[in-house]
Amino acid sequence: MWTFIGAIVALILGFIFYGRFIERFFGADDSRPTPALKKADGVDFAPMPTWKVFTIQFLNIAGLGPIFGAILGAMYGPMAYLWIVGGCLFMGATHDYFSGMLSIRNGGASIPEIVGKYLGVGFQNFLRVFTLLLLIFVGVAFVSGPAGLLANLTGGGLTIWLYVIFAYYLIATLLPINKIIGKIYPLFGAALIIMAVAIAAAMLWGAAGGSLQMPELSVSSFANWHHHPSENILFPMMFIVISCGALSGFHSTQAPMMARTIKKESYGRYVFYGAMVAEGIVAIIWATAAMTFFGGAEGLNLTMQVDGHNPAWVVNEISVAWLGPVGAVFAIIGVIACPITTGDTAFRSARLTIADMFNYNQSTIVKRLLISIPLFTVGFALSQLEFTTIWKYLGLSNQILAVVVLWTAAMYLAKVGKAHWYLSLPATFMTIVCITYLLVAPITNGGLAIETQTGTWAGAVCGLLTLGAFLYRTRRVVLKTLKVQ
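These remarks concern the structure in this document. (Residues numbered from 1 in each chain as written. Predicted model: local features only at pLDDT ≥ 70, side-chain atom pairs only at ≥ 80, totals over all residues. Heavy atoms only, no water.)

Considering the packing of aromatic side chains
Okay, step 1: Evaluation of the coordinates by the stated rule reveals 31 aromatic pairs.
Okay, step 2: For the pair Trp 83 and Phe 429, a centre-to-centre distance of 6.3 Å together with 45° between the ring planes defines the contact as tilted. On the criterion of sequence distance, the pair formed by Trp 83 in helix 5 (residues 79–105) and Phe 429 in helix 18 (residues 421–440) is long-range, its members being 346 residues apart.
Okay, step 3: The partly exposed category is assigned to Phe 429, whose relative accessible area is 27%.
Okay, step 4: Measuring from centroid to centroid gives 5.6 Å for Tyr 169 and Phe 347, while their planes differ by 50°, and the two rings are tilted. (Phe/Tyr/Trp six-rings, centres within 6.5 Å; stacked < 30°, edge-to-face > 60°. Helix = DSSP H or I, 4+ residues; strand = E, 2+ residues; numbered from the N terminus. Buried < 20%, exposed > 50% of the residue type's maximum accessible area, 1.4 Å probe, protein only.)

Observations regarding helix 14 (residues 311–357)
Okay, step 1: Helix length check: helix 14 (47 residues) gives 37 Å between terminal C-alpha atoms against 69 Å at 1.5 Å per residue, more than 12% under.
Okay, step 2: The sharpest bend along helix 14 measures roughly 145° and falls at Leu 323, with the proline Pro 325 sitting one to four residues further on.
Okay, step 3: Positive phi appears at Asn 359, one or two residues downstream of helix 14, with a value of about 50°. (Expected span 1.5 Å × (residues − 1). Bend = angle between axes of the 7 residues up to and from the residue.)

Comments concerning a positive patch on the surface
Okay, step 1: A cluster of like positive charges, contributed by Lys 117, Lys 415, Arg 473 and Arg 476, occupies part of the molecular surface.
Okay, step 2: Position of Lys 117 relative to the elements: it lies in helix 6 (residues 111–119). (Patch = residues over 30% accessible without salt bridge, like charges linked within 9 Å, V, L, I, M, F, W, Y side chains within 5 Å. Areas by Shrake-Rupley, 256 points an atom, 1.4 Å probe, with all protein chains shown as cover. Salt bridge = Lys/Arg side-chain N within 4 Å of Asp/Glu carboxyl O. Lys, Arg positive; Asp, Glu negative; His and termini not counted. Charge placed at Lys NZ, Arg CZ, Asp CG, Glu CD.)

Examining a nonpolar patch on the surface
Okay, step 1: A surface patch of nonpolar side chains, about 510 Å² in accessible area, is lined by Phe 358, Tyr 360, Ile 365, Val 366 and Leu 370.
Okay, step 2: With respect to the secondary-structure elements, Tyr 360 resides in the loop between helix 14 and helix 15 (365–382).

Some words on the packing of helix 10 (residues 234–241) against helix 18
Okay, step 1: At a minimum axis distance of 9 Å, the contact between helix 10 and helix 18 shows a crossing angle of 110°. Classified by the interaxial angle, the pair formed by helix 10 and helix 18 is roughly perpendicular. The residues of helix 18 that touch helix 10, namely those facing Phe 235, Pro 236, Met 237, Phe 239 and Ile 240, are Phe 429, Met 430, Ile 432, Val 433, Thr 436, Tyr 437 and Val 440.
Okay, step 2: Residues of the contact of helix 10 with helix 18, tallied by class, amount to eleven nonpolar, one polar and no charged. (Axes fitted to C-alpha atoms, helices over the stretch in contact; angles between N-to-C directions. Parallel < 35°, antiparallel > 145°, perpendicular 65-115°, else oblique. Contact = heavy atoms within 4.5 Å. Nonpolar A, V, L, I, M, F, W, Y, C, P; charged D, E, K, R; others polar.)

Structural notes on unusual backbone geometry
Okay, step 1: Cis geometry is adopted by the peptide bond preceding Pro 236, which originates at Phe 235 and carries an omega value of 20°.
Okay, step 2: Of note, Pro 236 is situated in helix 10.
Okay, step 3: If you check the backbone angles, Asn 359 has positive phi at about 50° while not being a glycine.
Okay, step 4: Note on placement: Asn 359 falls in the loop between helix 14 and helix 15.

Points about the environment of Gly 209
Okay, step 1: Here Gly 209 lies in helix 9 (residues 181–209).
Okay, step 2: Using a relative accessible area of 66% as the deciding quantity, one classes Gly 209 as exposed.
Okay, step 3: Measuring from C-alpha to C-alpha, the distance between Gly 209 and Gly 189 comes to 31 Å, with 20 residues separating the pair along the chain.

Considering the pattern of salt bridges
Okay, step 1: In total, this model carries six salt bridges according to the counting rule given.
Okay, step 2: Between Glu 23 and Arg 269 there is a salt bridge, and its shortest N-O distance comes to 3.4 Å. Here Glu 23 is found in helix 1 (residues 2–26), whereas its partner Arg 269 is found in helix 12 (residues 268–293), with 246 residues between them in sequence.
Okay, step 3: A residue is classified by how much of its surface remains accessible, and Glu 23, at 13% relative accessible area, is buried.
Okay, step 4: For Arg 351, the salt bridge goes to Asp 44, with nearest N and O atoms at 3.0 Å. With Arg 351 in helix 14 and Asp 44 in the loop between helix 2 (35–38) and helix 3 (50–62), the pair connects residues that are 307 residues apart, well separated along the chain.
Okay, step 5: We classify Arg 351 as buried; its relative accessible area is 0%.
Okay, step 6: Taken together, the shared-partner salt bridges in this structure form one network comprising Asp 44, Arg 348 and Arg 351.

Without other data, these values stay purely geometric and don't point to any function.
As structure tokens, then:
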């Protein structure tokens, strides 16, 4: 219980102190008019209340990520606590803050355009394609799962529910952001938070009364508790499995959408850094709940690996057992509604990304349709693939995008003459994680599956070489700036 409480307190204090430090370090300035005010068009650039922007951002980046990812990550044991807390505060929330603030400083630009400005045209063109594919895959992944669940619940056909959800996606993507997203999503975001708080309260009540035993982080827990540790290596796989709640590149694709609605730069700490910390708290709650409900990481592994259950089943079992009929309602919202709300904002971000690529005005619905119809046609075609085929490529792609964005923010700091280490060190670590994963992951996960120790050393060397290349380039940037002056 004390590990759980300590993790929650650490995240809150991190937001208060480190979040404020990052805000001051970046130099948030309320005298600068934000894109929401300078470019207001009533469609994508539309100022909204900060509390509403926060809840939308939270729902956009969260969905099922900090629930399903945390449950899968808890299979590795209490070590997940360290990654969620440390990753969230020093990597994920910082990554999200710089993604949003750099978009604000660049007129609400999408992330590929920001990357191009600070890392060059090559990275820009790569990320344009890479980000677009990731957004489409996210949208498709978060339509296939809910459509399947709705088909099972209602007895209707899967294809019919796919049509229904895609029709909703199209409407939500075309309409001004404050019509559907701005009105409904804060309610779903609040429901996701209430659900997590209720689970935490039930768990603490049971632990205080002695009916539940919550996991504690100790010396003996510094191990890989996964049922198949040789195939699910603690490093780097846990750092890929737990993305939402710790660090997620997908968040950088959502930040520009909210950057176009913020009224003041000082609100960025609450919207970007704060929403990520809130997601980290949700991840801590569900990781702890999964281990607690099944009697520890070993029990969770037996449920998932031996009995063949999935995270959606785990969410339903915990919610109904601890919260009763109300829990069943929240479980439905969590497993069906939340992924849908993540999927449609993924498609909306894809539309904005394409519009930014071609500098194509989106003021009229006809112009938005010209991008959206081909986009949804591709998405619907991909939805016919197996869900597992789509999902297995998301984790690594997500963290690769995070790596690129971290290096981008580090380069920005170098160009403005500030210490880049707050971003370049996390970028180096995640570069090592991604390269190591590519080398040592089993073939079924998309890796080369070479010997673990060799792959880890190779990943470390590649990460350090990347840092060296970055330092060499920043030195050239500084010298060029001095020469111009």
